[in-house]
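Analysis of the macromolecular model
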Amino acid sequence: DVKVTQSSRYLVKRTGEKVFLECVQDMDHENMFWYRQDPGLGLRLIYFSYDVKMKEKGDIPEGYSVSREKKERFSLILESASTNQTSMYLCASVPEDLSGLGIQYFGAGTRLSVL
Amino acid sequence: AQRVTQPEKLLSVFKGAPVELKCNYSYSGSPELFWYVQYSRQRLQLLLRHISRESIKGFTADLNKGETSFHLKKPFAQEEDSAMYYCALRPYGQNFVFGPGTRLSVLP
């Protein structure tokens with residue numbers, strides 16, 4: 001059973017703080033994704049990675065960066081948190097070969113509040 | 001640009017009534033389409049995908065290329081079906097595009 005673990009369920013930070021959101025998957029998946037989930041907007045892709053040390057911008061990368069130093073871990077970084085980054089953040093992992101089953105396995109999410 | 005629309009933010013039906021959650025997409029190629037579901041306090045998970053032509057938990061979805069739709073249907077709704085439903089498109093070789101979601105509420 002695939003497990004995608006996000007380190008925190010809830011986080012409260014102050015404007016300007018540097019924030020790290022961690023995601024770990026235990027199925028040796030090549031591909032990992034960070035989304036934010038907002039009411040009425042669905043899931044929007046922030047960044048993704050197809051391999052270690054590889055990263056690609058998604059649809060809304062501004063204000064975010066990522067790190068993939070190990071295959072199982074994909075970190076989302078908010079360099080200087082702002083109130084408009086208050087959201088639910090979802091991590092997902094996908095087995096290699098994006099033309100395959102297409103099943104994304106999601107973490108439980110981190111609800112971030114920036115005050 | 002590829003896009004997925006779900007016209008209803010909230011859909012309320014009574015238990016035992018039929019339910020249809022609408023999804024339309026815009027994509028010129030051959031689409032891969034999915035429905036994801038998020039039950040209360042649970043993580044987002046795959047419900048079904050069109051390529052499998054399967055029925056999961058009594059739900060089915062048919063791809064209509066002419067109408068560019070992938071509506072999710074169930075003949076008799078159950079209270080445990082109450083959840084947030086997302087339709088998703090994966091253009092060939094690209095990342096997923098999710099719709100805004102529809103919250104289904106099944107009333108007793």
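What comes next concerns the included structure. (Residues numbered from 1 in each chain as written. Chains lettered and ligands numbered in written order. Predicted model: local features only at pLDDT ≥ 70, side-chain atom pairs only at ≥ 80, totals over all residues. Heavy atoms only, no water.)

Topic: the interface of chain A and chain B
With 22 residues of chain A at the interface, the matching set in chain B holds 15 residues. Of the roughly 1,700 Å² buried between chain A and chain B, counting both surfaces, carbon and sulfur atoms make up 50%. Three residues, Leu43(A), Gln104(A) and Phe106(A), lead the burial of chain A against chain B; their summed loss comes to 27% of the area buried on that side. One can count zero salt bridges joining chain A with chain B. Looking at the side of chain A that touches chain B element by element, the count peaks at four residues for strand E6 (residues 42-49) of chain A. Residue composition of the side of chain A that touches chain B, grouped by class: 14 nonpolar, eight polar and no charged. (Contact = heavy atoms within 4.5 Å. Buried area = accessible area lost by both parts, 1.4 Å probe. Salt bridge = Lys/Arg side-chain N within 4 Å of Asp/Glu carboxyl O. Helix = DSSP H or I, 4+ residues; strand = E, 2+ residues; numbered from the N terminus. Nonpolar A, V, L, I, M, F, W, Y, C, P; charged D, E, K, R; others polar.)

Some points on the pattern of salt bridges
A complete count under the given rule lists eleven salt bridges over all chains for this structure. Glu20(B) is the salt-bridge partner of Lys22(B), the closest N and O atoms lying 3.2 Å from each other. For Glu20(B), a relative accessible area of 28% translates into the label partly exposed. With a closest N to O distance of 2.8 Å, Arg90(B) and Glu32(B) form a salt bridge. Of the two residues, Arg90(B) is situated in strand E9 (residues 83-90) and Glu32(B) in strand E5 (residues 32-38); the sequence distance between them amounts to 58 residues. With respect to burial, Arg90(B) and Glu32(B) carry one shared label: buried. Through salt bridges with shared partners, a single network forms among Asp28(A), Glu30(A) and Lys71(A). (Buried < 20%, exposed > 50% of the residue type's maximum accessible area, 1.4 Å probe, protein only.)

With respect to the nonpolar core
Membership of the largest hydrophobic core comes to 25 residues, with the highest contact counts inside it found for Trp35(B), Leu72(B) and Tyr85(B). Going through the elements one at a time, strand E2 (10-14), strand E3 (19-21), E5, strand E6 (45-49), strand E8 (69-74), E9 and strand E11 (102-107) of chain B are the ones with two or more residues in this core. For Leu72(B), the contacting residues outside a window of four places in its chain are Val19(B), Glu20(B), Leu21(B), Trp35(B), Leu47(B), Leu48(B), Phe59(B), Thr60(B), Ala61(B) and Tyr85(B). In this structure, Leu76(A), Ala81(A), Cys91(A) and Leu112(A) belong to the second largest nonpolar core, which totals 20 residues. (Core = buried A, V, L, I, M, F, W, Y, C linked by side-chain atoms within 4.5 Å.)

Digging into unusual backbone geometry
Leave glycine aside and you will find that most residues have negative phi; peptide bonds, for their part, are mostly trans. Residues and elements named next belong to chain B. In this structure, Arg41 takes a positive phi of about 65° despite not being glycine. By the element assignment, Arg41 lies in the loop between E5 and E6. The phi angle at Thr68 is positive, at roughly 45°, despite the residue not being glycine. Structurally, Thr68 can be placed in the loop between strand E7 (60-64) and E8. Its relative accessible area of 26% is what places Thr68 among the partly exposed residues.

Quick look at the environment of Val94(A)
All names here are of chain A. Counting through the fold element by element, Val94 comes out in strand E10 (residues 87-94). With 49 residues separating them in the primary sequence, Val94 and Leu45 have C-alpha atoms 14 Å apart. Contacts of Val94, omitting those with residues within four sequence positions, involve His29, Glu30, Asn31, Phe33, Ile103 and Gln104.

A few points about the state of the cysteines
Enumeration according to the criterion identifies two disulfides over all chains in this entry. Between Cys23(A) and Cys91(A) runs a disulfide, and the two sulfur atoms are separated by 1.9 Å. Where Cys23(A) bonds to Cys91(A) through sulfur, the torsion about that S-S bond is close to -75°, and the disulfide is left-handed. In this pair, Cys23(A) sits in strand E4 (residues 23-25) while Cys91(A) sits in strand E10, placing the two residues 68 residues apart along the sequence. The side chain of Cys23(B) participates in a disulfide bridge whose partner is Cys87(B); the two sulfur atoms lie 2.0 Å from each other. (Disulfide = S-S within 2.5 Å.)

Here's the deal with the side chain of Asp38(A)
Residue and element names in this part refer to chain A. When you line up the elements, Asp38 lands in strand E5 (residues 31-38). The class for Asp38 is buried, based on a relative accessible area of 12%. Of the polar contacts made by the side chain of Asp38, one reaches the side chain of Arg36; its length is 2.8 Å. In contact with Asp38, not counting residues within four places along its chain, are Arg44, Thr86 and Ser87. (Polar contact = N/O pair within 3.5 Å; in protein donor to acceptor, adjacent residues only side chain to side chain.)

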